[in-house]
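# Understanding the architecture of this molecule
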Amino acid sequence: MDFDPVVIAGAVAIGTCFIFSWLKLGKESPKKIPAEEVAQPQTSKVSGDFTIEELAAYDGNDPSKPILIGVKGRIFDMTKGADFYGPGGPYAKFAGKDATAALAKMKVDEGLCNLKDPVADLTASERDTLDEWEQKFEGKYPLVGKVVSSKSQL
């Protein structure tokens, strides 16, 4: 049985494109949400300004408290996403922390959380990724406060 080399080359090219497309789907950054799809503000059990130490109490381990995550100095109530951000979830390491740098770098790494200046060493691409995450959170989760270095900052 003889195979035409052009047909073989075409099949290899199509197969290669399929494999690369499939692999890339799992690594895409979040998509921007159109302004008209951004959710209306929701209420939360807590609100205000939190130090990193205070934010730690909202890591999802106390079911009477909401799950909070800091992004770019803003704190979001992620409780309705507890399957993702609560104990046992794939992003549980972000709960009760400022996850700015980790989200920008697309790494679930506690070592990238609660950095003193989380945006200082970010590339332009990482800053864009971070902006996309922030916009996604704005559309899904209530904004409840901001991260402050100390209560004297108020």
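Here, every reference points to the structure presented above.
Quick look at the structure, then. Treat the numbers as computed from the prediction; the structure is a model and nothing was measured.

Cut-offs applied
- Residues numbered from 1 in each chain as written.
- Predicted model: local features only at pLDDT ≥ 70, side-chain atom pairs only at ≥ 80, totals over all residues.
- Heavy atoms only, no water.
- Salt bridge = Lys/Arg side-chain N within 4 Å of Asp/Glu carboxyl O.
- Helix = DSSP H or I, 4+ residues; strand = E, 2+ residues; numbered from the N terminus.
- Buried < 20%, exposed > 50% of the residue type's maximum accessible area, 1.4 Å probe, protein only.
- Phe/Tyr/Trp six-rings, centres within 6.5 Å; stacked < 30°, edge-to-face > 60°.
- Lys NZ or Arg CZ within 6 Å of the ring centre and 35° of its normal.
- Pairing = 2+ DSSP bridges.
- Core = buried A, V, L, I, M, F, W, Y, C linked by side-chain atoms within 4.5 Å.
- Contact = heavy atoms within 4.5 Å.
- Expected span 1.5 Å × (residues − 1).

## Remarks on the pattern of salt bridges
Where charged atoms from two side chains of opposite charge approach closely, those side chains can pair. According to the stated counting rule, one finds six salt bridges in the structure shown. A salt bridge links arginine 74 to glutamate 134; the shortest N-O distance between them is 2.8 Å. Placement of the pair is arginine 74 in strand E3 (residues 74–77) and glutamate 134 in helix H5 (residues 124–140), with a sequence separation of 60 residues. When its relative accessible area of 23% is taken as the criterion, arginine 74 is described as partly exposed.

## Some thoughts on the packing of aromatic side chains
Evaluation of the coordinates by the stated rule reveals nine aromatic pairs. With 5.9 Å between their ring centres and 75° between their planes, phenylalanine 137 and tyrosine 141 make a pair best called edge-to-face. On the basis of relative accessibility, which here comes to 7%, the residue tyrosine 141 falls in the buried class. Its end group placed over the ring of tyrosine 141, lysine 80 keeps NZ or CZ at 6.0 Å from the ring centre.

## Notes on the pairing of E3
In this structure, strand E2 (residues 68–71) lies alongside E3, joined through four bridges in antiparallel fashion. In the strand pairing of E3, leucine 68 is matched with aspartate 77. The antiparallel hairpin formed by E2 and E3 contains two residues in its connecting segment, where lysine 72 sits at a positive phi of about 55°. Relative to strand E5 (residues 143–147), E3 runs antiparallel, the two being bridged by three bridges. Following the sheet pairing, phenylalanine 76 is matched in E5 by leucine 143.

## Some thoughts on the nonpolar core
With 20 residues, the main nonpolar core has Ile69, Val71, Met78, Tyr85, Phe94, Leu103 and Phe137 as its most contacted residues. When residues of this core are traced back to their parent elements, those giving at least two are E2, helix H4 (100–105) and H5. For this core, the leading source of residues is H4, giving four residues. Those residues in contact with leucine 103 that sit more than four places away from it in its chain are Val71, Phe94, Thr129, Leu130, Trp133 and Phe137. Val46, Tyr58, Ile75 and Val144 belong to the second largest nonpolar core, which has eight residues in total.

## Observations regarding the sheet that holds strand E4 (residues 97–98)
Ordered by their spatial adjacency, five strands build an open sheet running E1-E5-E3-E2-E4, and the pairing between neighbours is mixed. The strands lining the two open edges of the sheet, one partner per strand, are strand E1 (48–50) and E4.

## Quick notes on the environment of cysteine 113
Note that cysteine 113 resides in the loop between H4 and H5. Its relative accessible area of 6% is what places cysteine 113 among the buried residues. Considering only alpha carbons, one finds cysteine 113 and alanine 99, 14 residues apart in sequence, at a separation of 4.8 Å. If we skip the residues at most four places from it in the chain, cysteine 113 touches Lys93, Phe94, Lys97, Asp98, Ala99 and Ala102.

## Re H5
Because an α-helix completes one turn every 3.6 residues, residues spaced three or four positions apart along the sequence face the same direction. Taking 1.5 Å per residue as the helical rise, H5 with its 17 residues ought to reach 24 Å, and the 25 Å between its terminal C-alpha atoms agrees with that figure. The inward-facing, buried residues of H5 contact E2, E3, helix H3 (82–85) and H4.

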